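Chain by chain, the residues:
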Amino acid sequence: MRNLTILTLLLVTSLSVAQTANDSISVDPQLQQNAAQRILSGNYGKAVTIGAYGEINYNQPEGDNGELDVQRLVVLLGYKFNEKTQFVSEIEFEHVEEVFVEQAFVNYAVSNNVSLRGGLMLVPMGIVNEFHEPTTFNGVERPAVDNSIVPTTWREIGVGVTGRFPDASLGYQAYIFNGFKSTVSDGEGGANGFLSGSSGLRGGRQKGIQSTIDSPTFSTKLDYYGIPGLRLGLSGYFGRTQAEDDVDMLDGADIGIAMVGFDARYGFQRFTARGQFIYASLNDTEAYNDLTGRDLGSALQGYYIEGAYNLLPLTAKQRLYAFARYENYDTHANTDGDLMRNDAYNRTDITTGLSYHIAPGVVLKGDYQFRDNNVENGDVDDRLNFGIGVWF
């Protein structure tokens, strides 16, 4: 209750100050781009585009050793073949030693407002999965909803179409992807599972690594930008998980997924706000848990709301945002069969801190997280975080 009171006071203060400000809009979510959009927009004016973003973080839990980590360094490579055809890629180095391809797709502009895409692409769900560059969000760590419910960074191989209906102020994306990997043979006639109660679907991301597919999944998103300063998003993801050939005929080898999300971003003068709600319904989890011995829930749910205020005048070349975020996420929002709900999976985080943009593309961050779950006396360790983020 104390934490919620602190958050409420911070948000009310930010809203009150924002209403008295007379400066023009400083951060318009309708104009915000992610790395792929910047490459495709042709802002650089060259055939070859090279860029990068990265994060170096320090996390200090209460009563434990702190951790220093080069969390990620992502190299951006793009090439413009002609006015219609472009290639976008992101090569990610995580924790210094792990290398992944985060995106690699071809974009073909059929017209000014319609493009076809194919390759390894981000699944358009929520905000941060598409806008995860460190200068685009507050807080050292990404919101937990975008880790446990939307398994950011979530990308798979597929094809699709993206574009806009300008007269309706509506953007759209629609893709066919391979799905999550749910099971693999245990070598003894059974199966091992990748999905679990604590982390939900996260362990099933295939990331374009020799991905298996036995049925396609459908992903779509609509973005409305018809009100100045406001951007609204509605996302959907539907299909079944993928199982390897050795186990795909076993009862419980795969599950059905229907995930929907709603998100909103708003910017007015020096005030910004954002929020999102994600809900995923999973079918056949009882059979999946019986087969694999896992504790996967039949529903996942999470949401957050955040407010931030720039403490510096808009005429300044720097920005200093004070922010507060409240989020709740539950990977056991519902369970099937004999599986009991685990209240440790129903978690609440309150994060408050500062984001200091010392130059365009460079941010210094610091925050404190009050973390809790629904288990009696089961508080998760609170955490102090500091970070440096760059994007160019």
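These numbers come from a predicted model, not from an experiment.

**Some remarks on the overall build of the protein**
When helices and strands are tallied, the protein shows 4 helices and 19 strands. Taken over C-alpha atoms, the radius of gyration comes to 21 Å for the protein, in line with the 21 Å a tight globule of 392 residues would show. Along the first, second and third principal axes, the C-alpha set of the protein runs to 65 × 60 × 40 Å. Each of the 392 residues in the protein was classed as buried or not, and the buried ones make up 51%. By sequence separation, contacts in the protein at least 24 residues apart represent 62% of the contacts at least 6 residues apart. Put simply, the protein shows about 17500 Å² of open surface, and 56% of that area lies on carbon and sulfur atoms.

**Observations regarding the nonpolar core**
Trp-154, Leu-201, Tyr-237, Ile-257, Met-259 and Leu-282 are the most contacted members of the largest nonpolar core, which totals 37 residues. In contact with Leu-201, not counting residues within four places along its chain, are Phe-180, Leu-195, Ile-257, Met-259, Leu-282 and Leu-300.

**Digging into helix 4 (residues 285–292)**
Regarding helix 4, the residues found buried are Thr-285, Ala-287, Tyr-288, Asn-289 and Thr-292. Within two residues after helix 4, Gly-293 carries a phi angle of roughly 75°, on the positive side.

**Regarding the sheet that holds strand 9 (residues 191–193)**
One open sheet holds the 3 strands; their spatial order is 9-8-12, and the pairing between them is mixed. In this open sheet, the two strands that pair with only one neighbour each are strand 9 and strand 12 (242–243). In this structure, strand 8 (residues 181–185) lies alongside strand 9, joined through 3 bridges in antiparallel fashion. Across the sheet, Ser-185 pairs through a bridge with Ala-191, a residue of strand 9.

**Quick look at the packing of aromatic side chains**
The description of an aromatic ring pair uses the distance of the two centres, along with the angle that the planes make with each other. Across all of its chains, the model carries 9 aromatic pairs by this definition. With a centroid separation of 5.4 Å and an interplanar angle of 40°, the aromatic rings of Tyr-175 and Phe-177 are classed as tilted. Here the aromatic cluster, defined as three or more aromatic residues joined through ring pairs, consists of Trp-154, Phe-180 and Tyr-237. Over the ring of Trp-391 we find Arg-38, and its NZ or CZ is 4.4 Å from the ring centre.

**Considering unusual backbone geometry**
Between Thr-152 and the following residue, Thr-153, the backbone shows a cis peptide bond with an omega angle of 0°. Structurally, Thr-153 is set in the loop between helix 3 (145–148) and strand 6 (155–165). At Gln-269, a residue that is not glycine, the phi angle is positive and equals roughly 55°. Looking at the element boundaries, Gln-269 is found in the loop between strand 13 (256–268) and strand 14 (271–283). The phi torsion at Asp-284 lies on the positive side, around 65°, for a residue other than glycine. Considering the arrangement of structural elements, one finds Asp-284 in the loop between strand 14 and helix 4. Of the residues examined, Asp-284 reaches a relative accessible area of 39% and is grouped as partly exposed.

**Here we look at the side chain of Thr-135**
Within the secondary structure, Thr-135 is located in the loop between strand 5 (114–122) and helix 3. Apart from the residues within four sequence positions on either side, Thr-135 is in contact with His-357, Gly-361, Val-362, Val-363, Gly-389 and Trp-391.

**A few points about a negative patch on the surface**
A cluster of acidic residues, Asp-251, Glu-286, Asp-290, Asp-336 and Asp-338, forms a negative patch at the surface. With respect to the helices and strands, Asp-251 occurs in the loop between strand 12 and strand 13.

**Some remarks on the pattern of salt bridges**
According to the stated counting rule, one finds 13 salt bridges in the structure shown. In this structure, Lys-80 engages Glu-83 in a salt bridge whose closest nitrogen and oxygen atoms are separated by 3.7 Å. Accessibility expressed as a relative area gives 66% for Glu-83, which makes it exposed. Residues Lys-221 and Glu-130 are paired through a salt bridge, measuring 3.8 Å at the closest nitrogen-oxygen approach. Taken together, the residues Lys-221 in strand 10 (residues 217–224) and Glu-130 in the loop between strand 5 and helix 3 connect sequence positions 91 residues apart. Taken individually, Lys-221 and Glu-130 each receive the classification buried, so the pair is uniform in this respect. Connected via shared salt-bridge partners are Glu-130, Lys-221, Asp-223, Arg-231 and Asp-263.

About the thresholds
Residues numbered from 1 in each chain as written. Predicted model: local features only at pLDDT ≥ 70, side-chain atom pairs only at ≥ 80, totals over all residues. Heavy atoms only, no water. Helix = DSSP H or I, 4+ residues; strand = E, 2+ residues; numbered from the N terminus. Rg over C-alpha atoms; globule rule 2.2 N^0.38 Å. Buried < 20%, exposed > 50% of the residue type's maximum accessible area, 1.4 Å probe, protein only. Contact = heavy atoms within 4.5 Å. Areas by Shrake-Rupley, 256 points an atom, 1.4 Å probe, with all protein chains shown as cover. Core = buried A, V, L, I, M, F, W, Y, C linked by side-chain atoms within 4.5 Å. Pairing = 2+ DSSP bridges. Phe/Tyr/Trp six-rings, centres within 6.5 Å; stacked < 30°, edge-to-face > 60°. Lys NZ or Arg CZ within 6 Å of the ring centre and 35° of its normal. Patch = residues over 30% accessible without salt bridge, like charges linked within 9 Å, V, L, I, M, F, W, Y side chains within 5 Å. Salt bridge = Lys/Arg side-chain N within 4 Å of Asp/Glu carboxyl O. Lys, Arg positive; Asp, Glu negative; His and termini not counted. Charge placed at Lys NZ, Arg CZ, Asp CG, Glu CD.

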